[in-house]
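The primary structure of each chain is shown beneath.
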Amino acid sequence: MSVKEVVSGLYQLTNSGINAYLIDDGDLGLTLIDAGLPKHAEALEQDIRTIGRQPSDLSRILITHAHPDHLGSAKHLAANGALIGIHPDDAEVARSGEIGRTMQPGPGLLNGILFRLVIRKRAEWPAFEPDDALTDGQVLDIAGGIQVLHTPGHTAGHVSLLWRKDRGLLITGDAAANVAGLNYMIGYNDLDLGKASLASLATLEFEAAVFGHGKPILSGASAKFASRFG
């Protein structure tokens, strides 16, 4: 368990190498972006307490995509009334509470090795009914404005989030990773779509970027995306 304030008001909550993000919007409550594995529920609640808030302060949970390491604890954490948002193309998977392996490895030898080691053939989590549909271009009234970017490829309904803070911060979900340098994720449902989504992100302007897996990039992030994926 690790809690780190990445930029003012944004905390990275890391459990088992999986990052969730917490935005503290003062009296308007907390927004959690992704919700770890089902077994991470208590750890995430403790992470929230670590920053001086309570799990009951959660008002929204935004899910970047319907994989067990990103929505596994969503139902538990929403028990006090937090609203859960996810893209419509991933909503049915969230409702089903299970997924089979449908992905192919991402580019590169390391991704191929990690794919075989990490990606399970089937996974389950507590199923839930999403409250909100996250749609492309939508601007959420959270902490000055967060824009939803539909970035399919890793899953059909994968979204990234562009926070209009300072010079911009991109929350990539699993569109990309920054484990051993900025790179493709270890797996994609549709690799060509994933590459197109990353090329689209590479045209945007943002100073910082954070990832579902790996370290944040705190300066010059859009230039690094353009160099890698443009």
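See the structure printed just above.
The rules behind these values
Residues numbered from 1 in each chain as written. Predicted model: local features only at pLDDT ≥ 70, side-chain atom pairs only at ≥ 80, totals over all residues. Heavy atoms only, no water. Pairing = 2+ DSSP bridges. Helix = DSSP H or I, 4+ residues; strand = E, 2+ residues; numbered from the N terminus. Buried < 20%, exposed > 50% of the residue type's maximum accessible area, 1.4 Å probe, protein only. Arc of directions from axis to C-beta. Contact = heavy atoms within 4.5 Å. Phe/Tyr/Trp six-rings, centres within 6.5 Å; stacked < 30°, edge-to-face > 60°. Core = buried A, V, L, I, M, F, W, Y, C linked by side-chain atoms within 4.5 Å. Axes fitted to C-alpha atoms, helices over the stretch in contact; angles between N-to-C directions.

S.K.: How do you make sense of the pairing of strand 1 (residues 2-7) when you look at a structure like this?
M.R.: A regular strand carries its side chains on alternate faces of the sheet. When strand 1 meets strand 2 (residues 10-15), the two strands line up antiparallel, connected through 5 bridges. Bridging from a neighbouring strand, Ser 2 pairs with Thr 14 of strand 2. The turn joining strand 1 and strand 2, which pair antiparallel and follow one another in sequence, is formed by 2 residues; a positive phi near 90° is taken by Gly 9.

S.K.: What am I meant to see in the sheet that holds strand 11 (residues 139-140) here?
M.R.: Two strands in a sheet stick together by hydrogen bonds in their backbones, pointing the same way (parallel) or opposite ways (antiparallel). Spatial ordering of the open sheet is given by 11-12-13-14-18, a layout of 5 strands whose pairing is mixed. Only two strands of the sheet have a single partner each, and these edge strands are strand 11 and strand 18 (208-210). In the sheet, strand 14 (residues 169-171) pairs with strand 18 via 3 bridges, with the strands oriented parallel. The partner of Ile 171 across the bridge, within strand 18, is Val 210.

S.K.: Before we go on, may I ask you to explain helix 7 (residues 221-229) in this structure?
M.R.: The complete set of buried residues in helix 7 reads Ala 221, Ser 222, Phe 225 and Phe 229. Projected down its long axis, helix 7 shows its buried positions confined to an angular sector of 95°, all on one face. Close packing links the buried residues of helix 7 with strand 14, strand 16 (182-183), helix 6 (191-201) and strand 18.

S.K.: Explain the pairing of strand 12 (residues 146-150) here, please?
M.R.: Taken together, the 2 bridges between strand 11 and strand 12 define a ladder with antiparallel strand orientation. Within strand 12, the residue paired with Leu 140 across the bridge is Ile 146. Two successive antiparallel strands, strand 11 and strand 12, enclose a turn made up of 5 residues, where Ala 143 displays a positive phi of approximately 50°. Bridge analysis of strand 12 against strand 13 (residues 159-163) gives 5 bridges, and the strand direction is antiparallel. If you follow Val 148 over to strand 13, its bridge partner there is Leu 161.

S.K.: I keep staring at the packing of aromatic side chains and nothing clicks. Help me out?
M.R.: For any pair of aromatic rings, the description consists of the separation of the ring centres together with the inter-plane angle of the planes. Using the criterion set out here, one finds 4 aromatic pairs in the structure. With 5.3 Å between their ring centres and 80° between their planes, Phe 206 and Phe 225 make a pair best called edge-to-face. One end of the pair, Phe 206, is in the loop between helix 6 and strand 18; the other, Phe 225, is in helix 7, and 19 residues separate them in sequence. Both residues of the pair, Phe 206 and Phe 225, belong to the buried class. For the pair Phe 211 and Phe 225, a centre-to-centre distance of 6.2 Å together with 10° between the ring planes defines the contact as stacked. Within this pair, whereas Phe 211 is found in the loop between strand 18 and helix 7, its partner Phe 225 is found in helix 7, the two being separated by 14 residues in sequence. Pair check on accessibility: Phe 211 and Phe 225 agree, each one buried. Feature note: the residues Tyr 184, Phe 206, Phe 211, Phe 225 and Phe 229 constitute an aromatic cluster, connected by ring pairs.

S.K.: Looking at this structure, I do not really get the nonpolar core. What am I missing?
M.R.: Soluble globular proteins tend to bury their nonpolar side chains together. Counting 27 residues, the largest nonpolar core has Leu 22, Leu 32, Leu 58, Ile 61, Ile 63 and Leu 71 as its most contacted members. If you list the elements that add at least two residues to this core, you get strand 2, strand 3 (18-24), strand 4 (30-33), helix 1 (41-50), strand 5 (58-62), helix 3 (74-77), strand 6 (83-86) and helix 4 (88-96). If you look at the next biggest cluster of nonpolar residues, it comprises 25 residues, including Leu 149, Leu 162, Ala 202 and Phe 206.

S.K.: Help me understand helix 5 (residues 109-118), please; the structure alone is not making it clear to me.
M.R.: One turn of the α-helix equals 3.6 residues, which is why residues spaced by three or four share an orientation. Of the positions making up helix 5, those classed as buried are Asn 111, Gly 112 and Phe 115. Down the axis of helix 5, the smallest arc covering the buried residues is 100°, so these residues share one side. The outward face of helix 5, more than 90 degrees from its buried face, is lined by the exposed residues Leu 109 and Leu 117.

S.K.: Help me understand the sheet that holds strand 1, please; the structure alone is not making it clear to me.
M.R.: With mixed pairing, 7 strands are arranged side by side in an open sheet as 1-2-3-4-5-6-10. Looking at strand neighbours, the two that pair on one side only are strand 1 and strand 10 (132-133), the edges of this open sheet. On the sheet, helix 1 packs against strand 1, strand 2, strand 3, strand 4 and strand 5 and is oriented at approximately 145° with respect to strand 2.

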